[in-house]
Amino acid sequence: MSIFTGAGVALITPMNPDGSINYPEMEHIINDQIAGGTDAVIVCGTTGETATMTYDEHIETIRACVQMTAGRIPVIAGTGSNCTKSAVKLSVAAERAGADGLLVVSPYYNKATQNGIKAHYKQIAAAVDLPILMYNIKGRTGVNIAPQTIVDLVQEVSNIVGVKEASGDLSQIADIMARCDGEIDLYSGNDDQIVPIVALGGKGGISVLSHVAPRDTHDMVIKMLEGDTDGARRLQLKYIPLIHALFCEVNPIPVKAAMNMLGYQAGPLRMPLTEMEEEHQETLREAMRKAGLDVKHAGEVNDLAKAGNEVAKQIMDDAKEYLANFIGVVYGYADPEIVILGGSVALKIDGFVEEVEALAKERVYEIMKPYVKVRKSTLNEDSGLIGAAYLAFSKAE
């Protein structure tokens, strides 16, 4: 049985302004993806900036995703490495964290032979019971997984069940399907090739586009599988300009920009990735509008960032003053910081956190409510309360 059929989102990892992982926002994105029809979550892949994660962050992010998804759709964890020992360690840990399957990229930089690639995958597969999808993306790894290598691994190793094909070579993909006689779970790794790959017998796609168009990406696959080739074709062609815009700079730079434009707190990128160039932002913004996405305020984000943070600072100062007076803190003695996590309001003073009574908490929300779209589970001073988009979208409402 396939791990999933349809469209799986290659999940971004939302970050706080300081570069730490924004887990509450990750849960928000996952819930929206599930509500939008996404069929699986692929966590800690290329789009998730896994290359800049520590080992502990990597496993914690997988564990958090499993908990947030709560069995509603499968969670496939990226556990690839160019060190076989490290890939085994990650894969075992991901299985313990509750993942439903693994996505394992072929060894990068080392430029292993086809025999080396086979040995690499076989050692990983022997260490876990989870189904494994190979990931073929020569543009990032430097080495193509040859069709016969893919076929051999699927036929010789029971828990290697398929491949995410991002070679971009439809002739190679057809060759794989022919050699396997269709007995392989093959997923498109390129959003502009979902329909042709499903037409060749693929199970769906592992998609970046799903972030901004989950329902249509799901429908694109399902229509094709159910024989509505015209409907699938129309959806594929509708999104070609947006797909190109989502890859006009290296992934995940554009998709994180797109998610910020839609009002999510996708946050910054980790170095060495940098923010999207302004010219490309305009191209992306226009492609999103033409695809019917609501980005009417996105063009004002940069200006709103400055204005919004000033408003946020004033709101926070007002709230801090109220709380400081409420619990009798003298400003000359300490500089209090408001902390709002999980719906609980507290005041942080010289490292100590003082819980605030419900009356004060409600007053703080009253102060903030006219200005910001408050999401209580993620609100804190370090995130600037809003990012720019929150002020924009709250005023739009």
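What comes next is a walk through the structure. If you're wondering where the values come from, they're calculated on a predicted model, not measured in any experiment.

1. Quick notes on the packing of helix H12 (residues 253–261) against helix H13 (residues 278–290)
Thinking step 1. Orientation of H12 relative to H13, taken along the N-to-C sense of each, is 60 degrees, at an axis distance of 10 Å. Accordingly, the angle class assigned to the pair H12 and H13 is oblique. The interaxial crossing formed by H12 with H13 has right-handed handedness. Where H12 abuts H13, its residues Pro254, Ala257, Ala258 and Met261 lie against Gln281, Leu284, Arg285 and Met288.

2. Concerning unusual backbone geometry
Thinking step 1. For the peptide bond that leads from Asn251 to Pro252, omega is 10 degrees, which places it in the cis range.
Thinking step 2. Relative to the elements of secondary structure, Pro252 occurs in the loop between helix H11 (240–246) and H12.
Thinking step 3. Following Met271, the chain continues into Pro272 via a peptide bond in cis, with omega recorded as 15 degrees.
Thinking step 4. Topologically, Pro272 is positioned in the loop between H12 and H13.

3. Some remarks on the pairing of strand E8 (residues 204–207)
Thinking step 1. Both strand E1 (residues 6–10) and E8 contribute to a ladder of four bridges, which runs parallel. Looking at the pairing, Val9 lines up with Ser207 of E8.
Thinking step 2. Sheet analysis places strand E7 (residues 185–188) next to E8, joined by two bridges and oriented parallel. Bridge pairing in E8 places Tyr187 opposite Gly204.

So, how was this worked out
- Residues numbered from 1 in each chain as written.
- Predicted model: local features only at pLDDT ≥ 70, side-chain atom pairs only at ≥ 80, totals over all residues.
- Heavy atoms only, no water.
- Axes fitted to C-alpha atoms, helices over the stretch in contact; angles between N-to-C directions.
- Helix = DSSP H or I, 4+ residues; strand = E, 2+ residues; numbered from the N terminus.
- Parallel < 35°, antiparallel > 145°, perpendicular 65-115°, else oblique.
- Left-handed = near helix turned anticlockwise from the far one by under 90°.
- Contact = heavy atoms within 4.5 Å.
- Pairing = 2+ DSSP bridges.

All we've got here are geometric facts, nothing functional implied.
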